[in-house]
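Residues per chain are reported as follows:
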Amino acid sequence: MISLTDLRRFKAEGRKFSCLTCYDASFAKALEVAEVDSILIGDSLGMTIQGHDSTLPVNIDDMVYHTQIVARGNSHAFIMADLPFMSYATVDDALINSRKVMQVGAHAVKIEGGAWLADTVRSLTRNGVPVCVHLGLTPQSVHVFGGYKLQAKTRSAADQLLEDCQAVVDAGAALLLLECVPATLAKEVADKFSVPVIGIGAGVDTDGQVLVIQDMLGLTFGRVARFVRNFMREQSGENAIVDAIKAYHQAVLDQTFPAKEHTFQVEL
Ligand code: KIV
């Protein structure tokens, strides 16, 4: 089974690692067969599974249910679970809700934010919960951003994001996840910090890559983000789903995904 120690070693060795969202046991098994390195039970399940138009309606009981059924189906990957909207607004809430997902099979929790989460990260880490901090486009704040848009487009916004990363890493964050930021900034973050950095819409230089599984299997109808590649389109035959997932894992490892067309290039 892949542990946090393995992810740290992969970073030290320059071996990229793959991550996909997953919400049930069947797909968890497919990810195991394809040897995907890590799984995120993302609160994106609010859209992909529940049919909402954002992650905001998801609650901790939803996360516990999906974490439990994913963990039953996969004994290979490092498993992260999102703490949903407002479930970590206080340090006590974060501790109570992390306990719930860790006790049903998560190996880490992911929370969205920046420097203001330092006390939460410190407290969770001291209590045995590895924390992944999600920065850049943080979907739980979609109404603050006014839409799903590229973040940290200026030098000063990029410097602010670097300061936020520093604060949460100093507090003990085990991983960082950057969503929808310029590729040059994501490279700066990955080069500067020794913790593994996962990217989505953040270019090829992060240590790991994540996608929403429905997106990479071509099951998202309507607008698809620029950073998505449909790996299913290239497959045929009875094992097409597992083959698409294997192709994604391999493309992350050999750094053919994400390519330039999936990346935001901005001079900072
Ligand atoms: O909830 C989710 O799926 C996520 C990914 C987009 C990183 O946070």
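Residues numbered from 1 in each chain as written. Predicted model: local features only at pLDDT ≥ 70, side-chain atom pairs only at ≥ 80, totals over all residues. Heavy atoms only, no water.

Chemist: Break down the overall build of the protein for me, with residues and values.
Modeler: Broken down by element type, the protein carries 11 helices and 8 strands. Based on the C-alpha atoms only, the size of the protein along its principal axes is roughly 50 × 45 × 40 Å. Among the 268 residues that make up the protein, the fraction classed as buried is 56%. Sequence-distant contacts, at least 24 apart, represent 63% of the contacts inside the protein between residues at least 6 apart. (Helix = DSSP H or I, 4+ residues; strand = E, 2+ residues; numbered from the N terminus. Buried < 20%, exposed > 50% of the residue type's maximum accessible area, 1.4 Å probe, protein only. Contact = heavy atoms within 4.5 Å.)

Chemist: How would you explain the packing of aromatic side chains if you had to name every residue and give the values?
Modeler: On inspection of all chains with the given rule, the structure shows 3 aromatic pairs. Here the aromatic rings of Phe231 and Tyr248 are separated by 5.5 Å at their centres, their planes lie at 85°, and the arrangement is edge-to-face. Of this pair, Phe231 sits in the loop between helix H10 (213-216) and helix H11 (240-253) while Tyr248 is found in helix H11, placing the two residues 17 residues apart along the sequence. Relative accessible area serves as the criterion here: at 0%, Phe231 is assigned to the buried category. A residue is classified by how much of its surface remains accessible, and Tyr248, at 0% relative accessible area, is buried. In textbook terms, an aromatic cluster arises when at least three aromatic residues are bridged by ring pairs, as seen for Phe231, Tyr248 and Phe257. Sitting over the face of the ring of Phe10, Arg15 holds its NZ or CZ atom 3.8 Å from the ring centroid. (Phe/Tyr/Trp six-rings, centres within 6.5 Å; stacked < 30°, edge-to-face > 60°. Lys NZ or Arg CZ within 6 Å of the ring centre and 35° of its normal.)

Chemist: If you had to explain the site of the ligand to someone new, which residues and values would you point to?
Modeler: Taken together, 13 residues lie around the ligand, and Gly42, Asp43, Ser44, Asp82 and Lys110 are the ones closest in. Asp43 places a side-chain nitrogen or oxygen 3.1 Å from an oxygen atom of the ligand. One nitrogen or oxygen atom from the side chain of Ser44 is found 2.5 Å from an oxygen atom belonging to the ligand. When the free accessible area of the ligand is taken as 260 Å², the share hidden by the protein chains comes to 95%. The residue inventory of the shell around the ligand, partitioned by class, reads 5 nonpolar, 4 polar and 4 charged. (Near = heavy atom within 4 Å. Polar contact = N/O pair within 3.5 Å; in protein donor to acceptor, adjacent residues only side chain to side chain. Areas by Shrake-Rupley, 256 points an atom, 1.4 Å probe, with all protein chains shown as cover. Nonpolar A, V, L, I, M, F, W, Y, C, P; charged D, E, K, R; others polar.)

Chemist: Report on the pattern of salt bridges, specifying residues and quantitative values.
Modeler: Pairing is possible between side chains of opposite charge, provided their charged atoms come close. A complete count under the given rule lists 11 salt bridges for this structure. Its salt-bridge partner being Arg9, residue Asp6 comes within 2.9 Å of it at the nearest N-O pair. Separated by 3 residues within a single helix, Asp6 and Arg9 lie in helix H1 (residues 4-13), roughly one turn from each other. Judged by relative accessible area, Arg9 falls into the partly exposed class, the value being 37%. A salt bridge links Glu234 to Arg229; the shortest N-O distance between them is 3.1 Å. On the basis of relative accessibility, which here comes to 44%, the residue Glu234 falls in the partly exposed class. In this structure, a network of salt bridges that share partners links the residues Asp6, Arg9 and Glu13. (Salt bridge = Lys/Arg side-chain N within 4 Å of Asp/Glu carboxyl O.)

Chemist: Account for the nonpolar core, with residues named and values stated.
Modeler: In this structure, Val133, Leu176, Val189, Leu211 and Ile245 are the most contacted members of the largest nonpolar core, which totals 91 residues. With residues near it in sequence (within four places) discarded, Val189 still touches Leu161, Leu162, Cys165, Leu176, Leu178 and Val197. (Core = buried A, V, L, I, M, F, W, Y, C linked by side-chain atoms within 4.5 Å.)

Chemist: Which residues make up the UniProt feature "binding site: Mg(2+)" (unreviewed entry) in the protein, and what values go with them?
Modeler: The UniProt record annotates "binding site: Mg(2+)" (unreviewed entry) at Asp43, Asp82 and Glu112. Their sequence span is 70 residues, while the largest C-alpha to C-alpha distance among them is just 11.0 Å; these annotated residues converge on one region. Looking at where Asp43 falls in the secondary structure, it is placed in the loop between strand S2 (38-41) and helix H3 (45-48). With respect to the helices and strands, the residue Asp82 is situated in strand S3 (residues 78-82). For Asp82, the contacting residues outside a window of four places in its chain are Leu40, Ile41, Gly42, Asp43, Met63 and Lys110. (UniProt positions renumbered as here; feature names shortened; annotations may be inferred.)

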